[in-house]
Amino acid sequence: MDSSENAYAALQKEIFDQYERMNEDDTFKFRCHPGVTCFNKCCTDVNIFLTPYDIIRLKNRLGIDSDEFLTRYTIMPMDNNQHYPVVMMRLQDDEAKTCYFVEPGKGCTVYEDRPWPCRMFPIGKASPKMEEAKPFYFEMHEDICEGWKEEQVLSVRGWMEDQEVNDYDEMGELFKEVTLHDFYGDGGKLTPQQMEMFHMVCYNMDKFRLFVFETSFLNRFEIDEERIESIKKDDVELLKFGYDWLKFALYHEPTLKIREEAKPK
Ligand code: SF4
Ligand code: SF4
């Protein structure tokens, strides 16, 4: 394990062992608004892991393709022990390490499409493995955050509704079916080519679309016309299809059907 992985594992352990676990009905006192002295301070020097759905929302918000988004606004940390590629938000090269999307006096310029962690903060969610108990929630008390001194009382459920995390959570569950797969628990390891495939399918929608429509891909699988039409235009449908493809290609699940004529004789 390298030092960042050690730190991550230590944090995970601390959360599981020491943090008070909350469910969706539990309440907390918090309010974030432009009047707090810390307004937008939480948009500097942050580690934000982006999910595939976060990337779709952001690149479409910005009106750029996924290649450009990945190049301009993300980094891809990688080490030898990593099971699959991850993508993090790139921060500006200033002293404070400011998020590219925050503007002084204006706040978050991509607010309606901000990533999942920005919506959930200051509530964290710990997701054990798929087969274990339901995820739980916990409070994140950062020193800079003044919102805890406010009097507004909210339930975790109310906070999540207010922050509109529903679509993100639904897509997050599908992503977990890929990332928390037994394949890894059983010691499976992706080859460099499989890592590349994973990266394209999950994070580079526009490249994946070209792969589906401009190679012999569609000749090899039985896919109904309606689904083909939907993945042509809709990034979210394409991502769901991509998850099926990854489960088929990496974990040998029967999520796609090979055409008779494309089967090896
Ligand atoms: S995306 Fe928006 S909310 Fe999230 S860190 Fe950047 S500016 Fe802040
Ligand atoms: S630090 Fe806390 S209260 Fe301040 S802007 Fe960020 S979330 Fe809101």
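Along each chain, residues carry numbers from 1 onward, in the same order as the chain's sequence is written. Think of it this way: whatever chain is written first is A, whatever ligand is written first is 1, and the rest follow in order. Local features in this predicted model are restricted to residues of pLDDT 70 or higher, and side-chain atom pairs are both shown and tallied only at a pLDDT of 80 or more, whereas totals for entire chains, interfaces and linings draw on every residue.

(A) Broad picture of the site of ligand 2. Taken together, the neighbourhood of ligand 2 is formed by 13 residues, with Cys-32, Cys-38, Cys-42, Cys-145 and Gly-147 sitting nearest. Ten residues, namely Ala, Val, Leu, Ile, Met, Phe, Trp, Tyr, Cys and Pro, are considered nonpolar, four, namely Asp, Glu, Lys and Arg, are considered charged, and the remaining ones, Gly among them, are considered polar. Its residues assigned to classes, the shell around ligand 2 comprises 9 nonpolar, 2 polar and 2 charged. Proximity of a residue to a molecule or strand is defined by its backbone-placed C-beta atom lying within 6 Å of that partner.

(B) Representation of the nonpolar core. Ranked by internal contacts, the top residues of the largest apolar core, which has 29 residues, are Ile-55, Val-201 and Leu-238. Think of it this way: any DSSP run of H or I at least four residues long counts as a helix, any run of E at least two long counts as a strand, and we number them from the N terminus. Elements with a minimum of two residues in this core: helix 2 (52-62), helix 3 (66-73), strand 4 (87-89), helix 6 (166-179), helix 8 (192-203), helix 9 (205-213) and helix 12 (235-251). It is helix 8 that contributes the most residues to this core, 5 residues altogether. Split by domain, the residues of this core number at least three in each of domain 1 (3-163) and domain 2 (182-262). With residues up to four places along the chain from it excluded, the contact list for Val-201 reads Phe-208, Gly-242, Trp-245 and Leu-246. Counting 5 residues, the second largest nonpolar core, distinct from the first, contains Ile-123, Phe-136, Tyr-137 and Met-160. The term nonpolar core means buried Ala, Val, Leu, Ile, Met, Phe, Trp, Tyr and Cys residues held together as one set by C-beta atoms within 7 Å. Buried residues are those with 20 or more other C-beta atoms within 10 Å of their own C-beta, exposed residues have 12 or fewer, and partly exposed residues lie in between; C-beta atoms are placed from the backbone. For each domain, the first and last residues come from an automatic or database assignment. By the convention adopted here, residues make contact when the C-beta atoms placed from their backbones lie within 7 Å.

(C) Geometry of the site of ligand 1. Around ligand 1, a shell composed of Cys-43, Val-46, Cys-99, Phe-101, Val-102, Cys-108, Val-110, Arg-114, Pro-115 and Cys-118 is seen. In the shell around ligand 1, the residues fall into 9 nonpolar, no polar and 1 charged.

(D) Fine view of unusual backbone geometry. A cis amide bond, omega 15°, links Phe-121 with the succeeding residue Pro-122. Positionally, Pro-122 belongs in the loop between helix 4 (116-120) and strand 7 (123-126). Not every positive phi belongs to a glycine, and Asn-40 is a case in point at roughly 70°. Residue position: Asn-40 is located in the loop between strand 1 (27-29) and strand 2 (49-50). A count of 18 C-beta atoms within 10 Å places Asn-40 in the partly exposed class.

(E) Molecular detail of the environment of Tyr-251. Relative to the elements of secondary structure, Tyr-251 occurs in helix 12. Distance in space between the C-alpha atoms of Tyr-251 and Pro-34 is 47 Å, their sequence separation being 217 residues. Excluding residues that lie within four positions of it along the chain, Tyr-251 makes contacts with His-181 and Phe-183.

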